[in-house]
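Results of the structural survey
Single-letter residue listing:
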Amino acid sequence: MSLLSPRLQLKVAQKQILTPGLVQMVTVLQLNRLELKEMITQEIVKNPVLEESADEPAEEVTPEELLPLLEAEHILDPADKQLLEAAVLSDANSLDGAGEVAINGNLFPDAEETAGAVVEPDATLANDPALDTPATTDPFDEIDFGSFFDDYLDPGYKSPASESVEKPSFETFLSAPVTLGDYLRSQLSVSLISDEIRNAAESIIGNLDDDGYISASLQEIADVGEHTPEQVEQALTVVQGLDPAGVGARNLRECLLLQIESVNGKGGVAWQIVSNHLRLLETRQYKEIARVLARPMEHVEVAVNMIQHLNPRPGLRYSGAGARVVEPDVFFIKDGDDYIIQMNDEDVPQLRLNAQYRKMLDRDNGATKEVRDYVRERYTSAIQLMKNIEQRKQTIMKVCQAIVRRQTEFLSLGLDALKPMMIKEVAEEVGVHPSTVSRAVASKYVHTPQGVFELRYFFSEAVQGPSGSATPLLLLKRMVKKMIEEEDRSKPLTDEQITALLQNQGINVTRRTVAKYREDMKIPSTHQRRIRN
């Protein structure tokens, strides 16, 4: 029978541990220009030895000069204790500028330190006639009437009361994006309805999705909000009458009908098509719609054109993501037959080390060990950050050089000349790990003669086949889209026919691959693209 007992076992294991410096290097590498600028600004605030380089010359210290001082202290100097005791004795018998007694070097001593301390007045200070105050002093003699009247006669004078008034925060004046719920509630606040209907309408607005559709049933809204079904029905009519038209719908048909009704089109051809023949509209059977409605083909075409201009997602205007701010991190500038790679360092703070803290690393200046350790740590952190920023710049430059060498034809001719390029191939050429290249191109943009592109845009796999080996997937999607755009709408190309055309060009793809690319580009199927005359 085995018993549980504590044991000591030796085991050899190999682990990969990321040091703080390596973690920071990886973090800095994947930052884009705007994120790097924000990070540097935060580091300048946190690290006192870091400062932004200015145009005017200033005293600066280099990492090479600091290297001997940044080494760890192995032997403590016993003279430090003697210096500290001497400073304490000298401070205990001195007065500070405000007239307070400084005990043990502190202006505000602790209770334990002052419990047994007896402070005797200095004889020289006691006999100083400047400290003697007259028994009777006229208070008016202490008032400077000249400066008093000068302040009030100054046209720019402000009373102390006006200066102490608390100003509103600057954030109060900053604009905030208007959401769909805010926009609808602002209209609801001026509607002449009862409080019960208003509360039910608030519940409906709270259950709208980003597209403006109701995400819950009316019964659920009534049960959760403690409303009656009649109140919810009336509130739904109120919400559907708000702007934008079509909001508050329960399905696509109702959304389109609300928009047609908002332009007084109720009962017209477009109304009848959406209300009763939406399936024929989806399959583009316009001739059949004209026959069923007993209307001329011209009327159907006008109605279809109107329906195509309706918005099937009316709430997306207020719920969609805001505009992204894109600033190129790199420039590819054409110079004759060559391309110059230039990093965009505009508005990015250039760092330097503040030399004023260097004297705190020297023991001869009287700095304590805690101060020296703190300054040494700050200098080490600052130097590490500066090295990582420079390493980021060099890595991005090497990756961009590899991109320019492989995509020269694209930079000169355009997208049709784009060549397949893998991250692994560039990593082997640069001499780094593929994950390093992936981080170097993440969320970074480049300005080229062909426009602004994301660096990851240039990396694409090649398609199999004799001609496909030099065809990237992005270009293959463009070929599929171009074939569909040039097809006969009465006889649209099937996925099998598109596959055969690509195989005739030497590109080895399957029908399933073509269908996948077509769905990725949100192109309807052959049956949905066909127009029946």
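Residues numbered from 1 in each chain as written. Predicted model: local features only at pLDDT ≥ 70, side-chain atom pairs only at ≥ 80, totals over all residues. Heavy atoms only, no water.

1. A short note on the overall build of the chain
- Within the chain one finds 26 helices and 7 strands.
- Counting every position in the chain, which comprises 533 residues, the buried fraction comes to 31%.
- Look at the contacts in the chain between residues 6 or more apart in sequence, and 63% of them connect residues 24 or more apart.
- When the accessible surface of the chain is split by element, carbon and sulfur atoms take 53% of a total near 35100 Å². (Helix = DSSP H or I, 4+ residues; strand = E, 2+ residues; numbered from the N terminus. Buried < 20%, exposed > 50% of the residue type's maximum accessible area, 1.4 Å probe, protein only. Contact = heavy atoms within 4.5 Å. Areas by Shrake-Rupley, 256 points an atom, 1.4 Å probe, with all protein chains shown as cover.)

2. What to know about the side chain of T526
- Position of T526 among the secondary structure elements: in helix α26 (residues 526–529).
- One polar contact links the side chain of T526 to the main-chain carbonyl oxygen of L493, over a distance of 3.0 Å. (Polar contact = N/O pair within 3.5 Å; in protein donor to acceptor, adjacent residues only side chain to side chain.)

3. Notes on the sheet that holds strand β6 (residues 445–448)
- An order of β4-β3-β6-β7 is seen for the 4 strands of this open sheet, with the pairing classed as mixed. The open sheet has two free edges, formed respectively by β4 (338–343) and β7 (451–454), since each of these has just one partner strand. This sheet shows a mean twist of 25° between the axes of neighbouring strands, independent of strand direction.
- Bridging between β6 and β7 involves 4 bridges; their strand directions are antiparallel. Its bridge partner being in β7, H447 is matched across the sheet by V452. (Pairing = 2+ DSSP bridges. Axes fitted to C-alpha atoms, helices over the stretch in contact; angles between N-to-C directions.)

4. Side note on the nonpolar core
- In this structure, V330, F332, I403, V426 and F458 are the most contacted members of the largest nonpolar core, which totals 28 residues.
- Of all the elements in the fold, those that place two or more residues in this core are β3 (330–335), β4, α19 (369–406), α20 (408–413), α21 (423–430) and α22 (434–441).
- Every residue in contact with V426, bar those within four places of it in the chain, is listed here: V399, A402, R406, M421, V437 and F459.
- Within the second largest apolar cluster, 21 residues are counted, among which are I197, A201, I205 and V239. (Core = buried A, V, L, I, M, F, W, Y, C linked by side-chain atoms within 4.5 Å.)

5. Here's the deal with a nonpolar patch on the surface
- Among the surface-exposed residues, L18, L22 and V23 lie close enough to one another that they form a single nonpolar patch of about 230 Å² accessible area.
- Summarising the element assignment, L22 is placed in helix α1 (residues 20–29). (Patch = residues over 30% accessible without salt bridge, like charges linked within 9 Å, V, L, I, M, F, W, Y side chains within 5 Å. Salt bridge = Lys/Arg side-chain N within 4 Å of Asp/Glu carboxyl O.)

6. Some details on helix α9 (residues 180–188)
- Along α9, the residues classified as buried are L180, G181, L184, Q187 and L188. One face of α9 carries all of its buried residues, which in axial projection span an arc of 130°.
- Buried-residue contacts for α9 involve α10 (195–206), α12 (229–240) and α18 (316–319). (Arc of directions from axis to C-beta.)

7. Side note on the packing of aromatic side chains
- Under the counting rule described, the total for this entry stands at 6 aromatic pairs.
- On the numbers, 4.7 Å between centres and 20° between planes, the contact of Y183 with Y318 is stacked. Placement of the pair is Y183 in helix α9 and Y318 in helix α18, with a sequence separation of 135 residues.
- On the basis of relative accessibility, which here comes to 16%, the residue Y318 falls in the buried class.
- Site record: aromatic cluster; members linked through ring pairs are F410, F453, Y457 and F458. (Phe/Tyr/Trp six-rings, centres within 6.5 Å; stacked < 30°, edge-to-face > 60°.)

8. Focus on unusual backbone geometry
- Following D243, the chain continues into P244 via a peptide bond in cis, with omega recorded as 5°.
- When you line up the elements, P244 lands in the loop between α12 and α13 (252–262).
- Within the chain, D347 stands out as a residue other than glycine whose phi angle is a positive 70°.
- Following the sequence through the fold, D347 ends up in the loop between β4 and β5 (351–354).
- With a phi angle near 60°, K522 is a residue other than glycine that sits in the positive phi range.
- Its location among the elements puts K522 in the loop between α25 (511–520) and α26.

9. Describing the pairing of β6
- Inspection of the sheet shows β3 paired to β6 by 2 bridges, in the parallel sense. Paired with F331 across the bridge in β6 is H447.

10. Thoughts on the side chain of T283
- Counting through the fold element by element, T283 comes out in the loop between α15 (278–282) and α16 (286–293).
- Side-chain polar atoms of T283 contact the side chain of Q285, separated by 3.0 Å.

11. Some details on the environment of V269
- In this structure, V269 sits in helix α14 (residues 269–276).
- Overall, the relative accessible area of 14% leaves V269 in the buried class.
- Taking the C-alpha atoms as reference points, V269 and V302, 33 residues apart in sequence, are found 8.9 Å from one another.

12. Considering the pattern of salt bridges
- Applying the stated criterion across every chain yields a total of 23 salt bridges.
- Notably, a salt bridge pairs K477 with D520, separated by 3.9 Å at the nearest N-O pair. Of the two residues, K477 is situated in helix α23 (residues 473–485) and D520 in helix α25; the sequence distance between them amounts to 43 residues.
- One network of salt bridges, in which partners are shared, links R405, R406, E425 and E429.

13. Side note on α10
- Across its 12 residues, α10 extends 16 Å between first and last C-alpha, which sits within 8% of the 16 Å expected from 1.5 Å per residue.
- Turning to α10, its buried residues number three or more, namely I197, A200, A201, I204 and I205. The buried side chains of α10 occupy one side of the element, clustering within an arc of 145° when seen end-on. Across α10 from its buried face, at more than 90 degrees, point the exposed residues D195 and G206.
- If you follow the buried residues of α10, they end up packed against α9, α11 (218–225) and α12. (Expected span 1.5 Å × (residues − 1).)

14. Concerning the packing of α11 against α12
- Contact geometry for α11 and α12: axes closest at 9 Å, N-to-C directions at 115°. As α11 runs across α12, the sense of the crossing is right-handed. In contact with L218, Q219 and A222 of α11, α12 contributes P229, V232, E233 and L236.
- Within the contact of α11 with α12, the residues separate by chemical class into 5 nonpolar, 1 polar and 1 charged. (Left-handed = near helix turned anticlockwise from the far one by under 90°. Nonpolar A, V, L, I, M, F, W, Y, C, P; charged D, E, K, R; others polar.)

15. A short note on the packing of α23 against helix α24 (residues 495–504)
- The contact between α23 and α24 brings their axes to 11 Å, and the two run at 125°. Considering the angle they form, α23 stands oblique to α24. Handedness of the α23/α24 crossing: right-handed. Here L476, M479, V480, M483 and I484 of α23 lie close against α24, whose contacting residues are I498, L501 and L502.
- Its residues assigned to classes, the contact of α23 with α24 shows 8 nonpolar, no polar and no charged. (Parallel < 35°, antiparallel > 145°, perpendicular 65-115°, else oblique.)

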